[in-house]
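The lines below spell out each chain.
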Amino acid sequence: MNLDWSNMLDNVITVGWKVAFIVIVYMIVSPLGKKIIQSIIGKAGKKQKLSEGRTKTLERLMMNIYAYVLGFVLIATLFGLLDIEIAPLIAGAGIVGLAIGFGAQGLVSDVVTGFFILLEKQVEVDEYVTAGGMNGIVEEVGLRTTKIRGLDGTLNFVPNRYITTISNHSRGNMRALVDIGISYDENIDEAIKVLQQVCEEFAQNDERIKEGPDVIGVNSLGSSDVVIRVLAQTENMEQWGVERDIRKRLKEALDEAGIEIPYPHQVNITKHVNHQ
Amino acid sequence: MNLDWSNMLDNVITVGWKVAFIVIVYMIVSPLGKKIIQSIIGKAGKKQKLSEGRTKTLERLMMNIYAYVLGFVLIATLFGLLDIEIAPLIAGAGIVGLAIGFGAQGLVSDVVTGFFILLEKQVEVDEYVTAGGMNGIVEEVGLRTTKIRGLDGTLNFVPNRYITTISNHSRGNMRALVDIGISYDENIDEAIKVLQQVCEEFAQNDERIKEGPDVIGVNSLGSSDVVIRVLAQTENMEQWGVERDIRKRLKEALDEAGIEIPYPHQVNITKHVNHQ
Amino acid sequence: MNLDWSNMLDNVITVGWKVAFIVIVYMIVSPLGKKIIQSIIGKAGKKQKLSEGRTKTLERLMMNIYAYVLGFVLIATLFGLLDIEIAPLIAGAGIVGLAIGFGAQGLVSDVVTGFFILLEKQVEVDEYVTAGGMNGIVEEVGLRTTKIRGLDGTLNFVPNRYITTISNHSRGNMRALVDIGISYDENIDEAIKVLQQVCEEFAQNDERIKEGPDVIGVNSLGSSDVVIRVLAQTENMEQWGVERDIRKRLKEALDEAGIEIPYPHQVNITKHVNHQ
Amino acid sequence: MNLDWSNMLDNVITVGWKVAFIVIVYMIVSPLGKKIIQSIIGKAGKKQKLSEGRTKTLERLMMNIYAYVLGFVLIATLFGLLDIEIAPLIAGAGIVGLAIGFGAQGLVSDVVTGFFILLEKQVEVDEYVTAGGMNGIVEEVGLRTTKIRGLDGTLNFVPNRYITTISNHSRGNMRALVDIGISYDENIDEAIKVLQQVCEEFAQNDERIKEGPDVIGVNSLGSSDVVIRVLAQTENMEQWGVERDIRKRLKEALDEAGIEIPYPHQVNITKHVNHQ
Amino acid sequence: MNLDWSNMLDNVITVGWKVAFIVIVYMIVSPLGKKIIQSIIGKAGKKQKLSEGRTKTLERLMMNIYAYVLGFVLIATLFGLLDIEIAPLIAGAGIVGLAIGFGAQGLVSDVVTGFFILLEKQVEVDEYVTAGGMNGIVEEVGLRTTKIRGLDGTLNFVPNRYITTISNHSRGNMRALVDIGISYDENIDEAIKVLQQVCEEFAQNDERIKEGPDVIGVNSLGSSDVVIRVLAQTENMEQWGVERDIRKRLKEALDEAGIEIPYPHQVNITKHVNHQ
Amino acid sequence: MNLDWSNMLDNVITVGWKVAFIVIVYMIVSPLGKKIIQSIIGKAGKKQKLSEGRTKTLERLMMNIYAYVLGFVLIATLFGLLDIEIAPLIAGAGIVGLAIGFGAQGLVSDVVTGFFILLEKQVEVDEYVTAGGMNGIVEEVGLRTTKIRGLDGTLNFVPNRYITTISNHSRGNMRALVDIGISYDENIDEAIKVLQQVCEEFAQNDERIKEGPDVIGVNSLGSSDVVIRVLAQTENMEQWGVERDIRKRLKEALDEAGIEIPYPHQVNITKHVNHQ
Amino acid sequence: MNLDWSNMLDNVITVGWKVAFIVIVYMIVSPLGKKIIQSIIGKAGKKQKLSEGRTKTLERLMMNIYAYVLGFVLIATLFGLLDIEIAPLIAGAGIVGLAIGFGAQGLVSDVVTGFFILLEKQVEVDEYVTAGGMNGIVEEVGLRTTKIRGLDGTLNFVPNRYITTISNHSRGNMRALVDIGISYDENIDEAIKVLQQVCEEFAQNDERIKEGPDVIGVNSLGSSDVVIRVLAQTENMEQWGVERDIRKRLKEALDEAGIEIPYPHQVNITKHVNHQ
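Residues numbered from 1 in each chain as written. Chains lettered and ligands numbered in written order. Predicted model: local features only at pLDDT ≥ 70, side-chain atom pairs only at ≥ 80, totals over all residues. Heavy atoms only, no water.

For chain A, an unreviewed UniProt entry supplies the name Mechanosensitive ion channel protein and the organism Pontibacillus litoralis JSM 072002. Taken verbatim from the UniProt record of chain A, the Subcellular location (unreviewed entry) comment is "Cell membrane". Per UniProt, chain A has the following entry under Function (unreviewed entry): "May play a role in resistance to osmotic downshock." (UniProt positions renumbered as here; feature names shortened; annotations may be inferred.)

In structure tokens, the structure reads:
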């Protein structure tokens, strides 16, 4: 019987050595990994000029994930040393796990997308964006959901995974575009001259305008009018105001110059019916 | 033969130790986990200012899931100790499990989404929302389905997984927007003055209005009219009433000032047919 | 050679013990589980006030699933004891199983969805619902398919998995909504007075109406008419009849009061062509 | 060396016992299962009142599947006994199998759906149905494809998996619906009286009509006409004929009574242009 | 050391026996399976009345698949006997395999669908079909792609997996349908008599027509005309020609009988504007 | 201790034999497989009449895949012989692998589709095709992407997996189709005679036309005109030019013959308003 | 007990040998692989004429992936040697892994797509493209997202996986296309002569035009006009300007030549109502 005991002792010693080895590896890897993560996030944050608050958020997220994964690995490895068969257990959990995996992938997908939206600074709070089919001012960018306040006052909760392409309308100058139709009977060159004069007034007097406005030419020959297009570059979020002001002035200038903005036209042919 | 018995005894003892170890681990982990869950949910609840009832609901859900998973792990581990091969069994169940997993993922997806709708307070009962293509007043927010009472009286049962983006129309002031068209022959400045007067009346007398209303300018040059836009911010759910009242007054004010709201126009050209 | 026999005997005894253990576990778990299922379904049924028939249906479904799964587990475990390698067999079956799993998931999905439709009483037979793109009266709610009789007499078989959101039109009062347009030349206040009078008649005399009807104001300024909206709450399924009756009376009342319901208007401008 | 032989003999005997055990299990399970399948299909068939031919088809399908699966299990199990490692082989086949599994799932899905279409008698040959986007008379219901003869003569082959919801237009009475517009200048009550008279003629003389027809009231106020709706229940497939006949008679009755069915109306306002 | 050699010899012998057993099984199974496949395809071919060429194509496809699978099984099994661990290798290949599996499933799906299109004779070369969104004459039906020549001359390559429902327009008589509108002022009975006369001429003289044509009644009351429908059954592919001929004759017959085919009508009301 | 050494020697020898066996198998299989691939591609190339360059491309692709797979198999097998457990490693890599597998499947799918587009010669450079929603001239057919130059000059990069159905407009004669409307008052037979004369001129004089043109009859009865259709078969890519030329001549011929091509017609009924 | 120690020593030695072997393999494979990657990327870069910066980016990406994978392999293999069962651990991680795998596949998919967009130079910064439903000037092409500046000033972040087909509008000459309608009463040949004259002016004087412009003929017979099409090839990005200039000149030339550009026509038939 003493051979047995010695054998068990051997086993215990072997297991002990392994446990020691694993724990040492864990104790080396754990802080090392944290350091690496910290420095990577730190560098990325500096490179992307993230605010310190945002850097901390990202760092804490990464730290948590890292700690959970490493802890799970440690426990499972120690379990394995005690010859407790945990494989079948885990495999069995796989049935439940599969369902959960499919069900929860949305959550993971939200967080991954959210992480990059934050890191790449695709949106900031108070910017005007279109994301996930919603249009409005960003109220909050979270890891799971982004809150967008619609222009009509609605608060939209958009899970990040439904944000495919983000259109950010608050990054740089915007275009103001006005189309105006004149009669087929008017002289186009004369009309353009009148319109160009209005444009020059705006270019000199309106501080919201960064470039233009300019008459760029005959954009289309409509069924009843010749459509002329005017383009400008304005300060961000001022494009609608500028468009409204230019539109009003162009209309008034054409009226003053006696150039017709035509209503829809129709040629009527009167026919006397024979077969009745 | 007695060697055998001693061997069996050994095995029994070994197994006994392992069982003891596992049970002890279980007895430590089980209440510890419960405490952790309780405190996490509790903190999250306080941070999100959830009502106590809602916090309890979430806590109970998490407790149940935790207890089931841990119980499953305990039983499977004990089974494994008795050298009863359960891996193939579970693997075999995998065929059935795969079908169930795919089939039931919807259920899990419902619960995960529902959990976050509750936790993040995206909707409350009696709020007016758009979710999963349905538009109406929330009657109940469940873990699996959300009940939305449509404006026409229909009761909609929306499984949470079909709720992608929630548009909550009951969080803050709403916009009232009225577009009104005047004739091309009228003086725009004069019309705006008349409309602005109406706006100021409303701004002073109507308590439902929080901001504005204001005439913001010429919104478009229509085929027969010059469209002017009026905007206001109103109390929540009062936007339609305010819009209706402003619309009525603007129309009456233009009538009083003799400014035409034009019908569709058409220019008719009479032509005599030659080729007949 | 007799050592062998004793060894075999040992094995037989060991196996015997294990078989005994498993069978005992099975004999305890099996009725226990049934009891638990019965009591859960029973409680859920009472809480949801399900009819006894429906409770029995759900209980029988759960019992069957439970019995099949437990039976499968028992057989596979016993097989495993006899050292018959069944893992590869099952794994091999996995190829076929994968195809079946994907193919049959629809079936599982049907049953899971059907189970919740029954349990949550989302629809009852003879209710008017919209589900899976089909509109009509429910004829039967099954675990796999729901039969909906369309309003035109068609019988629709909707597999439950295609029922995403259920809109139940038979739960509570419904809205009756009538829009009526008056001429731009009429006095809006006068017209509203006439319409409101009709509403009050209905409110007093029509038992189908639960709330209103009321004139809620100018809903829009159309191209040729000022649209006024009337709203009421009616008994379920009476909304169409009420709408038809209100519509008829409103039209007659406006006729009596000499208020014009306008045809589409157009302003014609005659122009003599110069360039021909 | 003779110990070896005895060992081998032992092995052979052990294997022999196992083979015997498996074969006996197989010989018990095989006919038992067949009996069970037969009786289940038989009962289901009687309950659903399936024709004997259809019952046989379903039974043969189930028998085949059962036999193939059991045969596969038997062979794989015997292989396993001979210590021939088949796991890796099967695993390796998994790469091919995955591709096949995904590719062939459509086939399985077809058969599963087809099985339930047959069992639940959702369609019969010669019925008029809408399934999988195709509209027509059913020519054949197979396990894999359903053949639908379109009304224009086209033969459509619809794989069963693309049949989501089946709309069966041949199960019960159908609705005939005729909308007819009268002038805004006519008396609505008078018009309804005339139309109701026609309805009563039909109700008494037309054997195809099961219920109604009835004038149910003013369905809408169109831009130029007051639309009145007439509803009836007819024998299956007679709805179009009845609708055509009612439509013709209603038109003639209104003509006889001198009630106008109006053309589109427009109010023309002539305006003299000043700015030209 | 000689014990070792004997042991090795033993092993070699054991392996030898196993190899022999496997090879014998292979030699029995291989031709047997081929026979079975041949006879199944042969029978199916006769039952479906497939041409001999098509039967050969299907047989060769099945033979190839069968041979590859069996060969793979043989080699992997023999490998296993030599104690060369191939499982990890295969598992490792699984990473690549997964990608390939997903990528190549389209190919398998093509072949499976193609197989059934051929076997069930859903289309033949030179038939006019609609499949996978393409409309035209079939030029070739392959296992992977079907070539359809569009009516405008385009050659479409449709991978079989994109062929969901096949609409075959070349299997049986087709419907010719002509709608013709008469004035609201005409007598409907008279018009139907005239149209029916034309129909009878066609029924007697036109060999392309199999059934009808018949005037089936008033199909709708349009905004300006009473629409009457004429239906016929024609030989396949002759429906357009017949429709064109009937259409021409009906128009001429109505002209001869002095029955008006009306242009769009509008009632004009002239109004003098007061508010200007 | 010397027993150990001998044991190790034994192991080394055993391993040696296995290595030798595997290497020999490899050395036989490797060139054999290459030969087989070469001959298969060669034959397929001849059968499909592929250019030698294209055959080489396909052969090189197949060779590369074959070499990589075989090399991977060899290394993994040798690793396995050294008793280095690589299974867990690979399994672990599976987590990463799954993500990569899903992510990279698009790439594999591109190559598989591209392979068949090349092999089956579905498109050639300079052909006019519609593929993946893009319309234009093919500039390059690659294994991963196909470059299509749009008619407006845009260069489209279409990954092959997005090419579902290819419509090749450069394989054979194309159809020219001209619809022309004549007045309801004209004699149809006379008009057809005039149009047919123009067709005959084209048939004799225009070399681009391969068949027709022919007047095929009255295609529809429009609201204001009788539409007559003319069809022809032209040389590839000449269809638009031919259509333009025929259209011009038909218009001129009708003018010469005094047959009216009508403008939209409307019947105006003047009504005096009573209720105003 | 010393036998044990010797055994342990043996094990240690064996393990030592294996470690040595693995490390040597690693030390050979690691730099070798780097060399191979470097040379492949280098060659590909030269072949595709990539800028050195871009080549470096791709090389660094490939190096990183290679290093991470190899490092992971090394550690896992060493772990395996110490008899520490890591398989279950990894398998267990599979549940989490599955969720992550599904969730993160988007990320991998982004990088794979981005890699090929860079390698194949499908877009360059400052080019005008349509990708992922967004239209604009490329600001940055990253491995994960591509930034496209919309024409209205919006900055769009498009994850590369949503870029299916890229339409690059900055690769070569673009088409300018002008459609102009003349009256049905005008002589087509004369009109074409006038238009062709304008085209020739442009061909001689406008440097932006590379080919044409040419009058290509009668593109369609509209309801009121004969539409003639003019086509040209212009320098990239100049197409809109050229179209605007040609459009203006064509209109003026037709005016000068007295050729009418018609308004919509309508034939009015006055009818006296009998049935009123």
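Draft legend 1. Looking closely at the confidence of the model for chain A. Per-chain confidence: chain A averages 80 in pLDDT, with 80% of residues scoring 70 or above. In the model output, the complex is listed with pTM 0.80 alongside ipTM 0.75. (pLDDT = per-residue confidence, 0-100.)

Draft legend 2. Quick look at the environment of Met237 of chain A. Residue and element names in this part refer to chain A. With respect to the helices and strands, the residue Met237 is situated in the loop between strand S8 (225-234) and helix H5 (239-256). Classification of Met237 as partly exposed rests on a relative accessible area of 33%. Spatially, the C-alpha atom of Met237 lies 8.4 Å from that of Tyr128, the residues being 109 residues apart in sequence. Among residues more than four places away in sequence, those in contact with Met237 are Tyr128, Ser170 and Met174. (Helix = DSSP H or I, 4+ residues; strand = E, 2+ residues; numbered from the N terminus. Buried < 20%, exposed > 50% of the residue type's maximum accessible area, 1.4 Å probe, protein only. Contact = heavy atoms within 4.5 Å.)

Draft legend 3. Representation of the sheet that holds strand S7 (residues 209-221) of chain D. The sheet built from three strands is open, its strands ordered S6-S8-S7 (chain D) with antiparallel pairing. The outermost strands of the open sheet, each flanked by one partner alone, are strand S6 (174-183) and S7 of chain D. On average, each strand axis in the sheet is tilted by 20° relative to the strand beside it, whichever way the strands run. Bridge count between S6 of chain D and strand S8 (residues 225-234) of chain D: 10 bridges; the pairing is antiparallel. For Ile182 of chain D, the partnering residue across the bridge sits in S8 of chain D and is Val226 of chain D. Of the strands in this sheet, S7 and S8 of chain D are in contact with helix H5 (residues 239-256) of chain C, which crosses S7 of chain D at around 45°. (Pairing = 2+ DSSP bridges. Axes fitted to C-alpha atoms, helices over the stretch in contact; angles between N-to-C directions.)

Draft legend 4. Just a nonpolar patch on the surface, in detail. On the surface, Ile24, Ile28 and Val29 of chain A cluster together into a nonpolar patch covering about 260 Å² of accessible area. Take Ile28 of chain A: it is sitting in helix H1 (residues 2-47). (Patch = residues over 30% accessible without salt bridge, like charges linked within 9 Å, V, L, I, M, F, W, Y side chains within 5 Å. Areas by Shrake-Rupley, 256 points an atom, 1.4 Å probe, with all protein chains shown as cover. Salt bridge = Lys/Arg side-chain N within 4 Å of Asp/Glu carboxyl O.)

Draft legend 5. Representation of the pairing of strand S1 (residues 128-131) of chain A in the model. Residue and element names in this part refer to chain A. Bridge count between S1 and strand S2 (residues 134-141): four bridges; the pairing is antiparallel. Pairing of Tyr128 across the sheet is with Ile137, part of S2. Hairpin connection, S1 to S2: the antiparallel pair is bridged by two residues, and Gly132 has positive phi, about 60°. Sheet topology note: the S1/strand S5 (residues 166-168) ladder contains three bridges and is antiparallel. Looking at the pairing, Ala131 lines up with Ile166 of S5.

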